[in-house]
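The primary structure of each chain is shown beneath.
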Amino acid sequence: METVGSRRTRPSDPAMGYVPGGGADARRRGERAVASEVIPRRADATRAPLSFGQQRLWFLDQLEPGNVLYNVTRTVRLRGPLDVEALRRALFEIVARHEVFRTTFHAAGGEPSSRIAAQGSVPLAVTDLTALSPSEGEEAAARAAREEEQTRFDLANGPLFRARLFRLAGDEHVFVMANHHIVSDAWSAGILFRELGALYGAFANGRPSPLPPLPVQYGDFAEWQR
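Bear in mind the structure is a predicted one, so any value in this text is a computation, not a measurement.

J.: Sorry, what's going on with the overall build of the protein chain here?
T.: Check the secondary structure of the protein chain and you find six helices and seven strands. Walking the protein chain from its N terminus toward its C terminus, one meets helices and strands in the order β-α-α-β-α-β-β-β-α-β-β-α-α. Per-residue burial for the protein chain yields a buried fraction of 46% across its 226 residues. Here the contacts in the protein chain between residues at least 6 apart in sequence split such that 77% fall between residues at least 24 apart. Total accessible area on the protein chain is roughly 11,200 Å²; 53% of this is exposed by carbon and sulfur atoms.

Take a look at the structure:
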């Protein structure tokens, strides 16, 4: 599988302070703070406070529920043989590895709170466009990707992370990932794609995950921040 190009849309509002985050200045401040202090693991793995950036995005969603301005969408063209089951496993492992992708956000006494599911998944919807002409297939995939950008997320019910795959030919696909800005931002895409690539490569070749366990989760950072 060869990644030959990508396109992403992202909110321009730097609401977040760290991964998931936005705004280089805020991120550098967070990195300096984290580098100078060890973040402890929190005791309750089922809940976590919201970071300041997450809280701001939650309040904005309360004012205008489902505003797609805060959708973050990434579109990647893949060329070469693709093991779809290995890609599914890699997505499942990403969700298992990062609790933020298993998190939903709720109101408790007028204040936001989060709930973290013990397990989660990202169903990979596969659409076969090989019956169409090359130009028609390209147009259909682009149209579906635009629709994905405009599909709202429900912060209370989730999921807040989606994936779709469009097969243009036997060895050519378009892969679309979308999430709400409250769980990941465009800056985080580099980390996400590196991990996804490492996991896909391992699973496609019959190997276990090569990634070590995460020392802390985003919820640990949010609790430390507060």
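J.: Would you take a moment to explain the pattern of salt bridges for this structure?
T.: Two side chains that carry opposite charge are able to pair once their charged atoms sit near each other. As enumerated under the stated definition, the model contains twelve salt bridges in all. Ionic pairing is found between R41 and D220, a salt bridge with its closest N-O pair at 2.9 Å. Separated by 179 residues along the polypeptide, R41 in the loop between α1 (24–36) and α2 (52–63) and D220 in helix α6 (residues 218–225) bring together distant segments of the chain. With a closest N to O distance of 3.1 Å, R97 and E195 form a salt bridge. Residue R97 is located in helix α3 (residues 84–97), and its partner E195 is located in helix α5 (residues 189–204); the two are separated by 98 residues in the primary sequence.

J.: Explain empty space enclosed by the protein here, please?
T.: Leftover empty space is mapped by rolling, across the atoms, a probe with the size of a water molecule. Counting across every chain of the model gives two cavities of 30 Å³ or more. Considered as a void within the structure, the largest cavity measures approximately 70 Å³ in volume. As for the largest cavity, its lining consists of A48, P49, Q54, E99, V100, T103, F105, S114, I116, Y218, G219 and A222. Mapped by element, the contributors of at least two residues to the lining of the largest cavity are β3 (103–108), β4 (111–116) and α6. When residues of the lining of the largest cavity are assigned to their parent elements, the largest contribution, three residues, is made by α6. Tallied by class, the residues present in the lining of the largest cavity amount to seven nonpolar, four polar and one charged. Put simply, the second largest cavity is a space of about 50 Å³.

J.: Would you take a moment to explain the pairing of strand β2 (residues 71–79) for this structure?
T.: Within a regular strand, side chains alternate between the sheet's two faces. Within β2, eight of the nine residues are buried, which leaves the element mostly enclosed by the surrounding structure. Looking at chain direction, β2 and strand β7 (residues 172–180) are connected through nine bridges and run antiparallel. Paired with V72 across the bridge in β7 is N179.

J.: I would appreciate a short explanation of the pairing of β7 in the present structure.
T.: Counting buried positions along β7 yields nine of nine residues, so the element is predominantly enclosed. A two-sided burial pattern is seen for β7, the buried positions comprising E172, V174, V176, A178 and H180 on one face and H173, F175, M177 and N179 on the other. Pairing of strand β6 (residues 161–169) with β7 involves eight bridges; the strand directions are antiparallel. Counted as the bridge partner of F166 is V174 from β7.

What counts, and where the lines are drawn
Numbers given to residues run from 1 along each chain, matching the order in which its sequence is written. Owing to the predicted nature of the model, reporting of local features is limited to residues with pLDDT of at least 70; listing and counting of side-chain atom pairs is limited to 80 or more, with chain, interface and lining totals taken over all residues. No hydrogens and no water enter the side-chain calculation; it runs on all heavy atoms of the structure. Secondary structure elements follow DSSP: runs of H or I of four or more residues count as helices, runs of E of two or more count as strands, with numbering from the N terminus. Buried residues are those whose accessible area, probed at 1.4 Å on protein chains only, stays under 20% of the maximum for their type, while exposed residues exceed 50% and partly exposed ones sit between those limits. Only heavy atoms enter the contact rule, under which two residues are in contact if any of them lie within 4.5 Å. Computed by Shrake-Rupley with a 1.4 Å probe, the accessible areas treat only the displayed protein chains as cover when residues are assessed. When a carboxyl oxygen of Asp or Glu is within 4 Å of a side-chain nitrogen of Lys or Arg, the pair counts as a salt bridge. Here a cavity means grid points, on a 1 Å grid over the protein atoms only, where a 1.4 Å probe fits yet cannot get out; a pocket means an open set of points with protein on both sides within 12 Å along at least five of seven lines; lining residues are those with an atom within 4 Å of a point. Grid points are joined across faces, edges and corners, and a volume is the space filled by probe spheres set on the points. The classification used treats Ala, Val, Leu, Ile, Met, Phe, Trp, Tyr, Cys and Pro as nonpolar, Asp, Glu, Lys and Arg as charged, and all other residues, Gly among them, as polar. Criterion used throughout: strands pair if DSSP finds at least two bridges between them.

The values reported here are purely geometric and, on their own, carry no functional implication.
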